[in-house]
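Letter by letter, the chains look like this.
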Amino acid sequence: MKKLNLIFAVAMVLGAQSLFAQDNNDTNQASHALTVDVPEVAIIDIYDASTGTEAGPITMDMDNVTRVANNNSEAGLYAFGDERYSSLYLNYTSVVGASGTTFDQVRSIDVKLETGSELPGSVDFVITPSAATIDPMGGDASSRGVVKPAAKFGVTTPINTSVMLVENIKSIYTGDGAKGVQLEYSLEQNGNFSAYKADTYTASVLYTISDL
């Protein structure tokens, strides 16, 4: 009987020590580490409001101008600016780095006509951007970027030469569809009309947001 009592007493002591140790570790608070990893982002696309899809091939038909513009149906006159396309929107998402990090602090969007592109002589292809319209929660006036003056390609800027279209872009998402920077395409005479010849000319317009 004494032996059993001794064993029971030892068990009680061990149990009390375990309970005491557990009380020391438990409090009314608990914590653990959390890491939020935010990568850089730089994405663009071009939405065509006239088709409701991403932009595809666009034709600027000067025959339309000569038929519908009064000053082109009159002998002795020819108007380039009457043929315009204003349904394109440059959508973009950008996440830049916090101050002091090695990530990009600002971004820009450039545009160029790619190698192999052709335009009529004495003509500039003009891209005119408008200030970005953005999603209400997607950014603000200080992060959406600043549009530059119209980019002109052909005579003013040679083929395969980039021109900055939007600068000082920070963290922003413009929204999809008819959001972001609206783009207007037009043609403008720049040089003597004698170099302007009838033909079909093709070009490829490339937009690039500054890389990661």
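Not measured: the values here are computed from a predicted model.

Asks: For the overall build of the protein, give the residues involved together with the corresponding values.
Replies: On a plain count of helices and strands, the protein comes out with 2 helices and 11 strands. Secondary structure elements of the protein, listed N to C terminal, follow the sequence α-β-β-α-β-β-β-β-β-β-β-β-β. Per-residue burial for the protein yields a buried fraction of 27% across its 212 residues. Excluding contacts between residues fewer than 6 apart, the proportion of contacts in the protein whose partners are at least 24 apart in sequence is 78%. Put simply, the protein shows about 13400 Å² of open surface, and 54% of that area lies on carbon and sulfur atoms.

Asks: Please provide a residue-by-residue account of unusual backbone geometry, values included.
Replies: Trans is the common state for peptide bonds, and a negative phi is the common state for residues other than glycine. Even without being a glycine, Asn160 presents a positive backbone phi close to 65°. In this structure, Asn168 takes a positive phi of about 60° despite not being glycine. Checked against the element boundaries, Asn168 lands in strand β8 (residues 163-169). Judged by its relative accessible area of 35%, Asn168 is partly exposed.

Asks: How would you explain the pattern of salt bridges if you had to name every residue and give the values?
Replies: Counted by the stated rule, this structure contains 5 salt bridges. For Glu40, the salt bridge goes to Arg107, with nearest N and O atoms at 3.4 Å. Of the two residues, Glu40 is situated in the loop between α1 (2-25) and β1 (41-48) and Arg107 in strand β4 (residues 107-113); the sequence distance between them amounts to 67 residues. We note that Glu40, like Arg107, is buried. A salt bridge links Lys148 to Glu167; the nearest nitrogen and oxygen atoms lie 3.6 Å apart. Placement of Lys148 in the loop between β6 (146-147) and β7 (151-153) and of Glu167 in strand β8 is noted, with a sequence separation of 19 residues between them. Note on Lys148: relative accessible area 30%, which makes it partly exposed.

Asks: Give me the side chain of Glu83: which residues, what numbers.
Replies: Its place among the elements puts Glu83 in the loop between α2 (62-68) and β3 (84-95). Buried charge without a salt bridge: Glu83, with Arg84 as the nearest opposite-charge side chain at an N-O distance of 9.0 Å. Only 3.2 Å separates the side chain of Glu83 from the backbone nitrogen of Asp61, close enough to count as a polar contact.

Asks: Give a description of the layout of surface pockets that names residues and reports values.
Replies: Of the voids in this model, the largest pocket is the one considered here, and its volume is about 830 Å³. Lining of the largest pocket is provided by 29 residues; of these, Ile58, Thr59, Met60, Tyr201 and Thr202 occupy positions nearest its centre. Contributions of two or more residues to the lining of the largest pocket are made by β10 (181-189) and β11 (205-209). Grouping the constituent residues of the lining of the largest pocket by class yields 20 nonpolar, 5 polar and 4 charged.

Asks: Just give me the short version of the pairing of β8, but keep the residues and values in it.
Replies: Across 4 bridges, β4 lies against β8 in antiparallel orientation. Across the sheet, Asp110 pairs through a bridge with Met164, a residue of β8. Relative to β8, β6 is paired through 2 bridges, and the arrangement is antiparallel. Bridging from a neighbouring strand, Val147 pairs with Val166 of β8.

Asks: Explain the sheet that holds β11 to me, using residue names and the numbers behind them.
Replies: Spatially, the 4 strands line up as an open sheet ordered β6-β8-β4-β11, and their pairing is antiparallel. Edge positions in the open sheet fall to β6 and β11, since each of these has one partner strand only.

Asks: Would you mind going over the side chain of Ser94 in detail, with residue names and values included?
Replies: Of note, Ser94 is situated in strand β3. Engagement of the side chain of Ser94 in a polar contact is seen with the side chain of Arg107, the distance being 3.1 Å. Here Lys170 takes part through its backbone oxygen, which lies 2.9 Å from a polar atom of the side chain of Ser94. Apart from the residues lying within four places of it in its own chain, the contact partners of Ser94 are Val41, Arg107, Ile169, Lys170, Ser171 and Ile172.

Basis of the calculations
Residues numbered from 1 in each chain as written. Predicted model: local features only at pLDDT ≥ 70, side-chain atom pairs only at ≥ 80, totals over all residues. Heavy atoms only, no water. Helix = DSSP H or I, 4+ residues; strand = E, 2+ residues; numbered from the N terminus. Buried < 20%, exposed > 50% of the residue type's maximum accessible area, 1.4 Å probe, protein only. Contact = heavy atoms within 4.5 Å. Areas by Shrake-Rupley, 256 points an atom, 1.4 Å probe, with all protein chains shown as cover. Salt bridge = Lys/Arg side-chain N within 4 Å of Asp/Glu carboxyl O. Lys, Arg positive; Asp, Glu negative; His and termini not counted. Polar contact = N/O pair within 3.5 Å; in protein donor to acceptor, adjacent residues only side chain to side chain. 1 Å grid on protein atoms, 1.4 Å probe; cavity = no way out; pocket = protein on both sides within 12 Å on 5 of 7 lines; lining within 4 Å. Points joined across faces, edges and corners; volume = space filled by probe spheres on them. Nonpolar A, V, L, I, M, F, W, Y, C, P; charged D, E, K, R; others polar. Pairing = 2+ DSSP bridges.

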